[in-house]
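Overview (structure and organization)
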Amino acid sequence: MIVPTDSLSQEILDLKRARRAVILAHNYQVREIQEIADYVGDSLGLSQQAAATSAEVIVFCGVHFMAETAKILNPNKVVVLPDKDAGCSLEESCPADRLAALQATRPDFYTIAYINCSAAVKALSDVICTSGNAVQMALAAPPDRELLFVPDENLGQWVMEQTGRPMTLWRGNCYVHVEWTHAAITRIRREHPDAPLVAHPECTKAVRMLADEVCSTEKMVRYCKTSPAPALIIATEAGMLHRLRRECPGKTFIPAPTDHCACNECRFMKMNTLEKLRNCLRDLSPQVTLPDDVMARARQPILRMLSGAGAPAVSTPAEGQ
Ligand code: 13P
Ligand code: SF4
């Protein structure tokens, strides 16, 4: 966290202390939010932080499914988010009733759900994964079961390439990451022949095949820190550039261009502002609320992921709070 110099940020810190709150922010959040957050990271790191926090209120600066995950792990805590409409195109692509209908036709499916999905979809799944551990979760899945991967077909395809394990893929995608094309990336690589390309696994195969490293946003920080290259091309949402510039001073980060638009910003992630962050802390609203039975069913596959394996989870950290 950076010590704030403006009055709005100071007000947020005062409210945070008064509420005994923790501010968690995703790597795609705007600079001002990243700078005031207690923790900035990827979906995996944020879930781990949410599972471990002793704060009474969790302020989740990311998108709705991330705040829902924090609530599922902390059913007795208040979880607020700056803008309740901050959704995700992947979550939208996989309605729970359609998933349930598919599962009914294939009862043998072992369902691996990318964390970018609703609580209702998590409740229908065997294990959750993030881009940081999807390969590990697929490798840990029971060998005698057929795998269904929802909802990101690009991440799923990449996991199949890494593991050699076939999976049935749900046809969803991230509307931001599919904007990068083979042609646009080839052009920027020609302009910067010495700059490694780092791409998120939500990119299409045509882009991933040009990348030196394909990884989650948190692993991008580690890769860029250890790479000897002075300049790197980054194919993921624009907020990541702020995090990378902060963590790797002196290096140059080149945003990967798309073909015809400046569309490397996620409109959902960018709904959050410092003003809305202040308001949600002040008003304790909007809050995440979910039916108890959905939370109970969704918690098991999340805990299975957090335990690091596909094995059934045995205890719930949130119980007894
Ligand atoms: P990470 O888990 O890699 O941060 O990705 C989350 C996301 O929404 C990517 O679009
Ligand atoms: Fe969803 Fe894509 Fe935005 Fe990530 S960048 S939150 S996957 S729409």
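From a predicted model like this one, the values you see are computed outputs, not experimental measurements.

Comments concerning the packing of aromatic side chains
Inspection of every chain in the model, using the stated rule, returns 1 aromatic pair. Ring centres of Tyr175 and Phe268 lie 6.0 Å apart, and the angle between their planes is 80 degrees; on these two criteria the pair is classed as edge-to-face. With Tyr175 in the loop between β8 (167-169) and α10 (182-191) and Phe268 in the loop between β12 (252-255) and α14 (274-283), this residue pair connects regions lying 93 residues apart in the sequence. Taking the relative accessible area as the measure of exposure, Tyr175 reaches 25% and is therefore partly exposed. The lysine or arginine in question, Arg267, covers the ring of Tyr175, its NZ or CZ lying 4.6 Å from the ring centre.

Considerations on the site of ligand 2
Taken together, Tyr28, Val63, Cys88, Ser89, Leu90, Asn116, Cys174, Tyr175, Glu202, Cys266, Phe268 and Met269 make up the full set of residues near ligand 2. Here the residues of the shell around ligand 2 sort into 9 nonpolar, 2 polar and 1 charged.

A closer look at the side chain of Asn133
Structurally, the position occupied by Asn133 is in the loop between β6 (127-129) and α8 (134-140). Residue Asn133 is classed as buried on the basis of its relative accessible area of 5%. Polar contacts involving the side chain of Asn133 include one to the main-chain amide nitrogen of Thr130, which spans 2.7 Å. Setting aside anything within four residues of it in sequence, one finds Asn133 in contact with Leu44 and Met305.

Re the pattern of salt bridges
Using the criterion set out here, one finds 21 salt bridges in the structure. Note that Glu146 and Arg106 form a salt bridge whose closest N and O atoms lie 2.5 Å from each other. In this pair, Glu146 sits in strand β7 (residues 146-150) while Arg106 sits in the loop between α6 (96-105) and β5 (109-114), placing the two residues 40 residues apart along the sequence. Accessibility expressed as a relative area gives 38% for Glu146, which makes it partly exposed. Its relative accessible area of 34% is what places Arg106 among the partly exposed residues. Notably, a salt bridge pairs Asp293 with Arg297, separated by 3.5 Å at the nearest N-O pair. Here Arg297 and Asp293 lie together in helix α15 (residues 292-306), a separation of 4 residues that amounts to about one turn. When salt bridges with common partners are traced through the structure, they connect Glu218, Lys225, Arg243 and Glu247 into a single cluster.

Topic: the site of ligand 1
The environment of ligand 1 is formed by His26, Tyr28, Asp42, Ser43, Tyr114, Asn116, Ser131, His177, His200, Glu202, Ser216 and Thr217. His200 places a polar side-chain atom, nitrogen or oxygen, 2.8 Å from an oxygen atom of ligand 1. Here an oxygen atom of ligand 1 and a side-chain polar atom of Thr217 are 2.6 Å apart. Taken together, the residues of the shell around ligand 1 break down into 2 nonpolar, 8 polar and 2 charged.

Here's the deal with the packing of helix α1 (residues 7-19) against α14
Think of two packed helices as two axes; the pair is described by the angle between the axes and how far apart they sit. Axis separation between α1 and α14 bottoms out at 9 Å; the angle between their running directions is 25 degrees. By the angle between their directions, the pair α1 and α14 is classed as roughly parallel. For the element pair α1 and α14, the recorded crossing hand is left-handed. For the pair formed by α1 and α14, the contact residues are Leu8, Ser9, Glu11, Ile12, Leu15, Lys16 and Arg19 on the first element and Leu274, Glu275, Leu277, Arg278, Leu281 and Arg282 on the second. Its residues assigned to classes, the contact of α1 with α14 shows 6 nonpolar, 1 polar and 6 charged.

What about the sheet that holds β12?
The 4 strands lie next to each other as β10-β9-β11-β12, forming an open sheet whose pairing is parallel. Of all strands in the sheet, those bounded by a partner on one side alone are β10 (213-214) and β12. Two strands pair when backbone bridges link them, and strand β11 (residues 231-235) and β12 are joined in this way by 4 bridges, in the parallel orientation. Residue pairing for β12: Leu232 is matched across the bridge by Phe253. Strands in contact with helix α13 (residues 239-247) are β11 and β12; relative to β12, the strand with the most contacts, it is inclined by about 170 degrees.

Describing unusual backbone geometry
Most peptide bonds adopt trans geometry, and most residues besides glycine take a negative phi value. The linkage connecting Val150 with the following residue, Pro151, adopts the cis geometry, with an omega of -15 degrees. The residue after Ser285, namely Pro286, is reached through a cis peptide bond having omega 0 degrees. Along the chain, Pro286 turns up in the loop between α14 and α15. If you check the backbone angles, Leu284 has positive phi at about 50 degrees while not being a glycine. Structurally, Leu284 can be placed in the loop between α14 and α15.

Calculation criteria
- Residues numbered from 1 in each chain as written.
- Chains lettered and ligands numbered in written order.
- Predicted model: local features only at pLDDT ≥ 70, side-chain atom pairs only at ≥ 80, totals over all residues.
- Heavy atoms only, no water.
- Phe/Tyr/Trp six-rings, centres within 6.5 Å; stacked < 30°, edge-to-face > 60°.
- Helix = DSSP H or I, 4+ residues; strand = E, 2+ residues; numbered from the N terminus.
- Buried < 20%, exposed > 50% of the residue type's maximum accessible area, 1.4 Å probe, protein only.
- Lys NZ or Arg CZ within 6 Å of the ring centre and 35° of its normal.
- Near = heavy atom within 4 Å.
- Nonpolar A, V, L, I, M, F, W, Y, C, P; charged D, E, K, R; others polar.
- Polar contact = N/O pair within 3.5 Å; in protein donor to acceptor, adjacent residues only side chain to side chain.
- Contact = heavy atoms within 4.5 Å.
- Salt bridge = Lys/Arg side-chain N within 4 Å of Asp/Glu carboxyl O.
- Axes fitted to C-alpha atoms, helices over the stretch in contact; angles between N-to-C directions.
- Parallel < 35°, antiparallel > 145°, perpendicular 65-115°, else oblique.
- Left-handed = near helix turned anticlockwise from the far one by under 90°.
- Pairing = 2+ DSSP bridges.

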